[in-house]
Amino acid sequence: MTENDKRKWRAGFVLALLIITFSLIFMAVLYQRQDGQRVVILIDGKATAEYDLSVNRTVTIRTADGGENVLTIQDGSCYMKEANCPDHICVREGHIHRKGQSIICLPHHLVIQIEGGKEAEVDAVVR
Amino acid sequence: MKLKVSQMGLLLSVALILSYIESVIPFNFGIPGMKLGLPNLAVVLTLYLFGWKEALLINLTRILLSGFMFGNMAGILFSLAGAAVSFLSMLAARKTGIFDLCGVSICGGVTHNIGQILIAVYVVRTAGIMYYLPVLLIAGVITGALNGMIAMRTEPYLKKMQRRA
Ligand SMILES: [Zn+2]
């Protein structure tokens, strides 16, 4: 390997290291492993409903063009029980309970997002 | 000329096989429909062996063919978004002259995942799913480095064949 080759190889190595370090720091800040308290239903980016994670229930979310997703909230976590989307990726996603986590159903433009407890009252008024 | 055609055919089949493999590997870091970006191996190799036009041709052909064979329209949309961002970044990274093939491939791997998460954000119009970005960046570095290392080992052999012909 020539000196130039080595320098170019090192540049790639440094880039990889930088991205990984940056991501790990970002993760340490973002993923606080904090249990969420509410689950917010977003259709096309608009919050249409929110539920308390501590109350067990099953709700059917209806999206445009006859889309239906059945969300079950159980013991502080939630999962997509059923859906009539073509890919069913949202159903396979399994349980989520940490703040920031989400279940996405791309075909239905639907996001189920776990949030903390702080803004509960504000959102309740808006709703 | 004959050799170029056969090498391009080989690279396209590698790209298709890798597209198939990534379509059966579940890559579930929160964003549905995401792909690992394995076919970038063939794209980056083509870029270094022949140039950007040939690489673009391989890239587009494999997206369309694999999309119709192992995917659906949504899959093609995701692949296109990832591939477009990744391809342009690789061209730019190569142009700077700072990186070798492996570094260029890492740029491609990382930006491939950025492109895919951006299209997902666009589809559901919810920026909150960027939550999964850090994991995807790390995954991009790993795939990019892996692709790059394999491509770097392979490139001299294909080059040698070209010189001999
Ligand atoms: Zn779904």
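Per chain, residue numbering runs from 1 following the sequence as it is written. In the order they appear in the text, chains get letters beginning with A and ligands get numbers beginning with 1. Given that this is a predicted model, residues contribute local features only at a pLDDT of at least 70 and side-chain atom pairs are listed and counted only at 80 or more, while totals for whole chains, interfaces and linings are drawn from all residues. Think of the side-chain values as coming from all heavy atoms in the structure, minus any hydrogens and water.

Points about the coordination of the zinc ion
Residue and element names in this part refer to chain A. Around the zinc ion, the donor atoms from the protein are Cys85 (SG), Cys90 (SG) and Cys105 (SG), and they sit 2.2 to 2.3 Å away. We call an atom a donor if it is N, O or S and sits within 2.8 Å of the metal, or 3.2 Å for Na, K and Ca. Water is not counted, so some sites may look partial. In primary-sequence terms, the residues that donate to the zinc ion follow C-x4-C-x14-C. Only protein chains enter the accessibility calculation, which uses a 1.4 Å probe. A residue is then buried if its area is under 20% of the maximum for its type, exposed if over 50%, and partly exposed in between. Taking the relative accessible area as the measure of exposure, Cys85 reaches 1% and is therefore buried. On the accessibility criterion, Cys90 (1% relative accessible area) is buried.

Digging into the packing of helix α2 (residues 40-49) of chain B against helix α4 (residues 73-96) of chain B
All names here are of chain B. Only the stretch in contact is used when fitting a helix axis, every axis being a line fitted to C-alpha atoms; angles between N-to-C directions are given from 0 to 180 degrees. Numbering of helices and strands starts at the N terminus; helices are DSSP runs of H or I of at least 4 residues and strands are runs of E of at least 2. Here α2 crosses α4 at 40°, and the two axes come no closer than 12 Å. When the axes of α2 and α4 are compared, the crossing they make is right-handed. Residues Asn40, Val43, Val44, Leu47 and Tyr48 of α2 pack against Ser86, Phe87, Met90, Leu91 and Arg94 of α4. All amino acids are sorted into three groups, where Ala, Val, Leu, Ile, Met, Phe, Trp, Tyr, Cys and Pro are nonpolar, Asp, Glu, Lys and Arg are charged, and the leftover types, Gly among them, are polar. Of the residues contributing to the contact of α2 with α4, the split by class is seven nonpolar, two polar and one charged. Crossings are sorted by hand: turned counterclockwise from the far helix by less than a right angle, the near helix makes the crossing left-handed, and turned clockwise it makes it right-handed. Note on contacts: a residue pair qualifies if any of its non-hydrogen atoms lie within 4.5 Å across the two residues.

Notes on the interface of chain A and chain B
Listed by partner, the interface residues are 30 residues for chain A and 28 residues for chain B. Summed over both partners, the accessible area lost on bringing two parts together, with a 1.4 Å probe, is the buried area. Here chain A and chain B share an interface that buries about 2600 Å² over both sides, 71% of which is from carbon and sulfur atoms. Criterion for a salt bridge: a side-chain nitrogen of Lys or Arg within 4 Å of a carboxyl oxygen of Asp or Glu. Between the two partners, chain A and chain B, sit zero salt bridges. Contacts described as polar in this section are N or O atom pairs within 3.5 Å, which, within protein, must combine one atom able to donate a hydrogen with one able to accept it, while residues neighboring in sequence count only if both atoms come from side chains. Counting the contacts that link chain A with chain B gives four residue pairs in polar contact (both at pLDDT 80 or more). Looking at the side of chain A that touches chain B, the elements with two or more residues in it are α1 (3-30), β6 (102-105) and β7 (110-115) of chain A.

Topic: the nonpolar core
What makes a nonpolar core is a set of buried Ala, Val, Leu, Ile, Met, Phe, Trp, Tyr and Cys residues whose side-chain atoms join them at distances within 4.5 Å. Of all hydrophobic cores here, the largest spans 58 residues; its most connected members are Ile31(B) and Ile129(B). Broken down by element, the residue count for this core peaks at eleven residues, all from helix α5 (residues 101-124) of chain B. Looking at which domains feed residues into this core, each of domain 1 (1-32) and domain 2 (38-119) of chain A supplies at least three. Setting aside residues no more than four positions away along its own chain, Ile31(B) makes contact with Ile104(A), Phe78(B), Ile117(B), Ala120(B), Ile129(B), Tyr132(B) and Leu136(B). Each domain's limits were defined by an automated method or a database of domain assignments.

Details of the packing of α1(A) against α5(B)
In a packed pair of helices, the relevant descriptors are the angle between the two axes and the axis-to-axis distance. Where α1(A) meets α5(B), the axes come as close as 8 Å, and the angle between the chain directions of the two elements is 25°. One way to sum up the angle between α1(A) and α5(B) is to call them roughly parallel. As for how α1(A) packs across α5(B), the hand of that crossing is left-handed. Side by side, α1(A) and α5(B) meet where Gly12(A), Leu15(A), Ala16(A) and Ile19(A) of the first sit next to Gly103(B), Ile106(B), Cys107(B) and Val110(B) of the second. A breakdown of the residues in the contact of α1(A) with α5(B) according to their chemical character gives six nonpolar, two polar and no charged. What sets the label is the angle itself: under 35 degrees gives roughly parallel, over 145 gives roughly antiparallel, 65 to 115 gives roughly perpendicular, and the rest give oblique.

Observations regarding the domain arrangement of chain A
Under the domain assignment used here, chain A contains domain 1 (1-32) and domain 2 (38-119). Here the C-alpha centre of domain 2 of chain A lies 35 Å away from the C-alpha centre of domain 1 of chain A.

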